[in-house]
Every structure is written in C-alpha cells, then in structure tokens.
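Each chain is listed here by its residues.
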Amino acid sequence: MTGGQGRRLDRSFFARDVTVVARDLLGRVLLAHTADGDVAVRLTEVEAYAGQDDPASHAFRGPTVRNAVMFGSAGHLYTYFVYGMHWCANIVTGPDGDASAVLLRAGEVVAGEHIARARRPAITRPELLARGPAGLATVLGLRRDASGADLCGTVDRWQVLEGQLVTTDRVAAGPRVGVAAAAERPLRFWDIASPSVSVYRPGGRIRRCASGG
DNA sequence: CCGCCGATCCTCT
DNA sequence: GAGGATCGGCGGG
C-alpha cells in the first residue's frame, strides 16, 4: 500500500518561487501509478533552476520544442533526455510564463521497492535505488511520456504527497551538481541525514587557473 | 575507496 | 556538428 503519506499537494504549492518550492519539496513523496504497480519516493535532494534568469536553466535562451512545458503552469512534470541514455525529471514552478523548475535529484524508495529493484538491477543497496536524477526518474518510470503530465489534475498517474517536511536543521544548501553557470548560487538543497543524496561534482567548464596565473 | 572514462543520441547552433 | 542538469564499470593505490 502507498497510503499514509498525507494529502496531495495542489497547484498553489508549486506556483510559488522556485527556491521556496525546492526547499519545501524535501521530505515530500512522489507517487507513481505505473503498469507494473505503485512506486513512491521520498525526496531528499533537489535543485532550483530559475527560468530565463538562470544561465544553467534549459529555459535560459527562451522557449524551444523541448522546454515548452517549463513555460506553462506550475505543477507539471518536465522530463528531458541526456547523454544519449538517461532521463531526468523536473517539476515546473512559479506563475504561468515563469519557466522555473525544480530538478529532482535523489530520494528514498518508500513503496514498490521490488519494482524499483527490477528497474535498476545493477543497484544492490536499497537506499541507492533513487540516488541521482536519472536513477530517480528510472525507478518512477519518468520518461518522455511523463513530460507535461499534470501532478495536480484529475489524472493521478504521478502526484506529490505531503509526506513529512524535512526540518530546517536537517537541510543543507550548496552549489548545483555538474553545473558551471552561476556556480556560486546555493540552489541545491538536500537532507543531510539521508544516505540517498548524490555525490557533489563541479560543473565541467570550471577551470580554476593554476597557480602563477 | 576514489577517480577516470566510455556509452549514446537528442537538441540547438 | 558539438556537447550535455549522468551513470557505473574498471583499474590503481
């Protein structure tokens, strides 16, 4: 059973500022009803991407076919394909037209662990099943067809439940993983007590000058 | 345990 | 035509 995680979060939750939503998503539960059965993940690590103001955001250079969902209303999923093999998932935030989104980076599987294991057979430790954005998307079945899905509508294939918010003393903030642009902004938030949080890696274009320069 | 590297293809320039 | 909001296997210490 996947009950007991509280009410479903509504659109007003997601329509707030992206950094507020990102922080507020820690401890919430993303529940997926899939053909194989239900899988639920307690979110432990997220990153805020501040729309057209953010050089690291997919929306920075304006609307395209891929990122069109980001310019729509809050509470919708935005998924994208990277490195020729992985899917990653975001939740759109802010008012309509504000192309901000929260990247879901890691979580703990709290329901449907046998399904999650089957989807990631290489992972042996259960706490690592949803570590990393691609792993999280994989266990929840988030791929191309999930992009544009409404988390707050009448179709409840994917939805976010209240769960239990991570208390402030357990939240850390820091630079985003693998992001070179705006690396000084602390837009990554994570639960310091969770073993599922992914490993920090600086952005590829950071080239700190060797001494003498 | 840590760091390197290949895989693989969609997207935008 | 280049590079990317990544992952996991492999080899060395």
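Residues numbered from 1 in each chain as written. Chains lettered and ligands numbered in written order. Predicted model: local features only at pLDDT ≥ 70, side-chain atom pairs only at ≥ 80, totals over all residues. Heavy atoms only, no water.

A. Summary view of the overall build of chain A. Counting its regular elements, chain A contains four helices and eight strands. Ordered by position in the sequence, the α and β elements of chain A form the string α-α-β-β-β-β-β-α-α-β-β-β. Taken over C-alpha atoms, the radius of gyration comes to 16 Å for chain A, in line with the 17 Å a tight globule of 213 residues would show. Across chain A, every contact between residues at least 6 apart in sequence was considered, and the portion connecting residues at least 24 apart equals 61%. (Helix = DSSP H or I, 4+ residues; strand = E, 2+ residues; numbered from the N terminus. Rg over C-alpha atoms; globule rule 2.2 N^0.38 Å. Contact = heavy atoms within 4.5 Å.)

B. Region of the structure containing the environment of W87. On the secondary structure map, W87 appears in strand 4 (residues 86-92). With 88 residues separating them in the primary sequence, W87 and P175 have C-alpha atoms 22 Å apart. Among all residues touching W87, those that are not within four sequence positions of it are T79, Y80, F81, P133, A134, A137, L142, R143 and R144.

C. Broad picture of the protein's contact with DNA strand B. The immediate surroundings of DNA strand B are formed by R61, T64, R66, F81, Y83, G84, M85 and R144. Each atom of DNA strand B within 4 Å of the protein was classed as base or backbone; sugar and phosphate made up 70%. Note that a sugar or linking oxygen of DNA strand B is positioned 3.4 Å from one of the backbone N or O atoms of G84. For the surface near DNA strand B, the class distribution of residues is three nonpolar, two polar and three charged. (Near = heavy atom within 4 Å. Polar contact = N/O pair within 3.5 Å; in protein donor to acceptor, adjacent residues only side chain to side chain. Nonpolar A, V, L, I, M, F, W, Y, C, P; charged D, E, K, R; others polar.)

D. Structural detail: the nonpolar core. Counting 43 residues, the largest nonpolar core has F14, L25, L104, L140, L142 and L151 as the members making the most contacts within it. Contacts of L140, omitting those with residues within four sequence positions, involve L30, A32, T34, V39, V41, R119 and W158. Counting residues in hydrophobic clusters, the runner-up holds 13 residues, among them Y49, Y80, A99 and L103. (Core = buried A, V, L, I, M, F, W, Y, C linked by side-chain atoms within 4.5 Å. Buried < 20%, exposed > 50% of the residue type's maximum accessible area, 1.4 Å probe, protein only.)

E. Seen up close, the packing of aromatic side chains. If you walk through the whole model with that rule in mind, you get three aromatic pairs. When the ring of F13 is compared with that of F14, the centres are 5.0 Å apart and the planes differ by 75°; the resulting orientation is edge-to-face. With respect to burial, F13 and F14 carry one shared label: buried. Across from the ring centre of F13, 4.6 Å away, lies the NZ or CZ of R16, which sits over that ring. The residue whose ring lies beneath R176 is Y49, and the NZ or CZ to ring-centre distance is 4.5 Å. (Phe/Tyr/Trp six-rings, centres within 6.5 Å; stacked < 30°, edge-to-face > 60°. Lys NZ or Arg CZ within 6 Å of the ring centre and 35° of its normal.)

F. Examining the side chain of S194 more closely. With respect to the helices, strands and loops of the structure, S194 is situated in the segment after strand 8 (188-191). Its relative accessible area of 10% is what places S194 among the buried residues. A polar contact of 2.6 Å, which involves the side chain of S194, links it to the side chain of E108.

G. View of the confidence of the model for chain A. Residues with a pLDDT of 70 or more make up 94% of chain A, whose mean pLDDT is 92. Low pLDDT (under 50) marks residues 205-213, which in the prediction has three contacts with non-local residues, meaning those over four places away or in another chain. (pLDDT = per-residue confidence, 0-100.)

H. Here's a closer look at helix 4 (residues 133-140). Of all eight residues making up helix 4, seven are buried, and the element is well covered by its neighbours. For helix 4, the secondary structure elements touched by its buried residues are strand 1 (29-34), strand 2 (37-49), strand 4, strand 5 (101-111), helix 3 (113-119) and strand 6 (158-161).

I. Inspection of the environment of R144 at higher detail. With respect to the secondary-structure elements, R144 resides in the loop between helix 4 and strand 6. R144 gets classed as exposed once you look at its relative accessible area, which sits at 63%. Expressed as a C-alpha distance, the spacing of R144 and R11, which sit 133 residues apart in the sequence, is 22 Å. Sequence-distant contacts of R144, that is, excluding residues within four places in its chain, are made with T79 and W87.

J. Spotlight on the layout of surface pockets. The computed volume of the largest pocket comes to approximately 1,400 Å³. In terms of lining, the largest pocket is formed by 50 residues, of which the most central are Y80, V82, Y83, V177 and G178. Sorting the residues of the lining of the largest pocket by element identifies strand 2, strand 3 (77-82), strand 4, strand 5 and helix 4 as the ones contributing at least two each. Among the residues making up the lining of the largest pocket, the classes are represented as 25 nonpolar, 15 polar and ten charged. Of the volumes computed, that of the second largest pocket is approximately 160 Å³. Along its surface, the second largest pocket is lined by V65, R66, V69, T79, Y80, F81, W87, R144 and S147. Residue contributions to the lining of the second largest pocket peak at three residues, all from strand 3. Residues belonging to the lining of the second largest pocket are distributed by class as follows: five nonpolar, two polar and two charged. (1 Å grid on protein atoms, 1.4 Å probe; cavity = no way out; pocket = protein on both sides within 12 Å on 5 of 7 lines; lining within 4 Å. Points joined across faces, edges and corners; volume = space filled by probe spheres on them.)

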